[in-house]
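Single-letter residue listing:
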Protein chains: 2
Amino acid sequence: MQLLDGKKILAEIKEELLQKVQTYVQKGSRPPCLAAVLVGNDGASQTYVASKEKNSEQCGFVSRILRFDESTTEAQILLEIEKLNNDPSLDGFIVQSPLPSHISAQKVFDAIDPSKDVDGFNTLNTGKLAKGMNSFVPATPLGIVELLKRYKIETSGKHCVVIGRSDIVGRPMSILLSLPNATGNATVTLCHSKTQNLKNFTLQADIIIAALGKAEFLTADMVKEGAIVVDVGITRIEDKTKKLGFRLAGDVKFDEVAPKCSFITPVPGGVGLMTIASLLQNTMKAYEQRFSTLNS
Amino acid sequence: MQLLDGKKILAEIKEELLQKVQTYVQKGSRPPCLAAVLVGNDGASQTYVASKEKNSEQCGFVSRILRFDESTTEAQILLEIEKLNNDPSLDGFIVQSPLPSHISAQKVFDAIDPSKDVDGFNTLNTGKLAKGMNSFVPATPLGIVELLKRYKIETSGKHCVVIGRSDIVGRPMSILLSLPNATGNATVTLCHSKTQNLKNFTLQADIIIAALGKAEFLTADMVKEGAIVVDVGITRIEDKTKKLGFRLAGDVKFDEVAPKCSFITPVPGGVGLMTIASLLQNTMKAYEQRFSTLNS
């Protein structure tokens, strides 16, 4: 069993991006710039955005955080997005979820200029993904594909079972893996809450992507010998023996599943870090596309 | 074994649409209007467009065909599309494929106003479909879902195997059947040219959608007893015993597969006619959305 080490790959990718940024800057270009829009005071969101900022800066990117009060109206946010769309000093931006309930997340995502939509949540980018066109792909599924690629795990002809059909992970994951290209070409089964006899599917899978959001759901009896298991879940579980009073668990019962696997992602240190890596790569892509458009 | 009779369901749908049109017209509205853009002289395209026109008129729709010479430039076609987008007397229009090779089909489809895109080929509509938002869905997969619905075939929890991942059939079909709604909720496996041991998948399927475009590919040994088989293929096969010198074959070897099935579509008389039915339904939807927007 080998760990798919998100921490190591994130470090590699950041180093590659930093090199690129230095080359561009030496040639006289400004560095890439990523902004995050943060509405309200959700604790987890603050942490995520701070982490994205730190990682961006470590790649030599310029990072901006735009903070708005919980009571900001949808119209005000849409106006801010319009400004960011038109700001030439900015290559990409994200709007951190969750948004307050009086703001439609999809309306906000669809207001983002698709060429700056580094989270890949704009519906036009979803359509491009489904058609295999050049697009911004949501960071979590993109990070998983990158992780598999870096460990030279072939997907072509493999049977991949994706558990969970969310717009930001399961659905785009199922599409990405079945696209006719070098990181796709898998036979993909998309499973979800209405799937009957899930175990029947997971037991046949060469690659399992567990993205249903239920702690330690995938057990050893559901996995065939030699499978590759990618764990997207991250849940806090109360644990009085820990200093913080909780531990983090994925969707996979790691201790019993890992021995059966050829490869498996740890939680934490797996997919979560690859999500950051992909956001950084998407920002570089937005930057490069922006300048190649300007120069063409 | 019961036939999924596209001819019967098309007739039912046309009757329903005609009733609706008559009601709208009696209330003083104009009838729905569908246009087809035809570039060049492809024989099959002429036939398809003529059939769409005839069926439209039988529903009480106004039908228009806009014919352009093979040598028409992409820019000219895009200009015509702009006119159609802005024409208030028109609810929906299609651009018949194939287009001459000097015209980018995707560029043309993406120029169509998404609210008039009754073929559902605009990338924004693809994205909306993938997110389960209200959209125009390509006519063939939509027609298949309608056919299953009219025969009260439950998809929830069923294992559906889709063979073929084209943008207009296989891919949207796999998405539609797995959406969290009343005509979806199936566990879907998307198979394609890189799938290994395809038979292993089809033998497990409750519902098989054969959309790979290879005549008589699916044989009896690939289908489990009681399966539901939907045949999207339509190929001309030379047959000197026929008056026209050919016969039409689907992707399914009908004679040997049919006895094992609970339901199966014939070719012709199955999916092809449902594709027309869906185009008509999409046109009515565009019409109703147009007037509800105007009146709101």
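Residues numbered from 1 in each chain as written. Chains lettered and ligands numbered in written order. Predicted model: local features only at pLDDT ≥ 70, side-chain atom pairs only at ≥ 80, totals over all residues.

(A) Seen up close, the overall build of chain A. Scanning chain A for helices and strands turns up 10 helices and 11 strands. By the compact-globule yardstick of 19 Å for 296 residues, chain A fits well, its C-alpha radius of gyration being 19 Å. Dimensions along the principal axes, computed over C-alpha positions, put chain A at roughly 55 × 45 × 35 Å. The proportion of buried residues among the 296 residues of chain A is 48%. Contacts in chain A between residues far apart in sequence, at least 24 positions, make up 69% of those at least 6 positions apart. (Helix = DSSP H or I, 4+ residues; strand = E, 2+ residues; numbered from the N terminus. Rg over C-alpha atoms; globule rule 2.2 N^0.38 Å. Buried ≥ 20, exposed ≤ 12 C-beta atoms within 10 Å, placed from the backbone. Contact = placed C-beta atoms within 7 Å.)

(B) Up close: the environment of Arg236(A). Residue and element names in this part refer to chain A. Along the chain, the position of Arg 236 falls in strand β9 (residues 235-238). Arg 236 gets classed as partly exposed once you count the C-beta atoms within 10 Å, which come to 13. Sequence-wise, Arg 236 and Ile 77 are 159 residues apart; in three dimensions their C-alpha atoms are separated by 31 Å. For Arg 236, the residues in contact, after removing those within four places along its chain, are Phe 246 and Leu 248.

(C) Just the relation of the copies chain A and chain B, in detail. Mapping chain A onto chain B calls for a rotation angle of 180° and an axial translation of 0.0 Å; the resulting RMSD is 0.0 Å. In symmetry terms, the pair is related by a two-fold rotation axis. When the interface residues of chain A are mapped onto chain B, 100% of them again lie at the interface, so the same face is used by both copies. (Least-squares fit on C-alpha atoms with pLDDT ≥ 70 in both.)

(D) Up close: the sheet that holds strand β5 (residues 159-163) of chain B. Taking strand neighbours across the sheet as the criterion, the 12 strands line up as β1(A)-β11(A)-β8(A)-β7(A)-β5(A)-β6(A)-β6(B)-β5(B)-β7(B)-β8(B)-β11(B)-β1(B) in an open arrangement whose pairing is mixed. In this open sheet, the two strands that pair with only one neighbour each are β1 (2-3) of chain A together with β1 (2-3) of chain B. As paired elements, strand β5 (residues 159-163) of chain A and strand β6 (residues 187-191) of chain A share five bridges and run parallel to each other. Each residue of the ladder has a partner; that of Ile163(A), found in β6(A), is Cys191(A). Contacting β5, β6 and β7 (207-210) of chain A together with β6 (187-191) of chain B, helix α7 (residues 170-178) of chain A runs over the sheet at an angle of about 170° to β6(A). (Pairing = 2+ DSSP bridges. Axes fitted to C-alpha atoms, helices over the stretch in contact; angles between N-to-C directions.)

Honestly, it's all geometry; don't read function into it.
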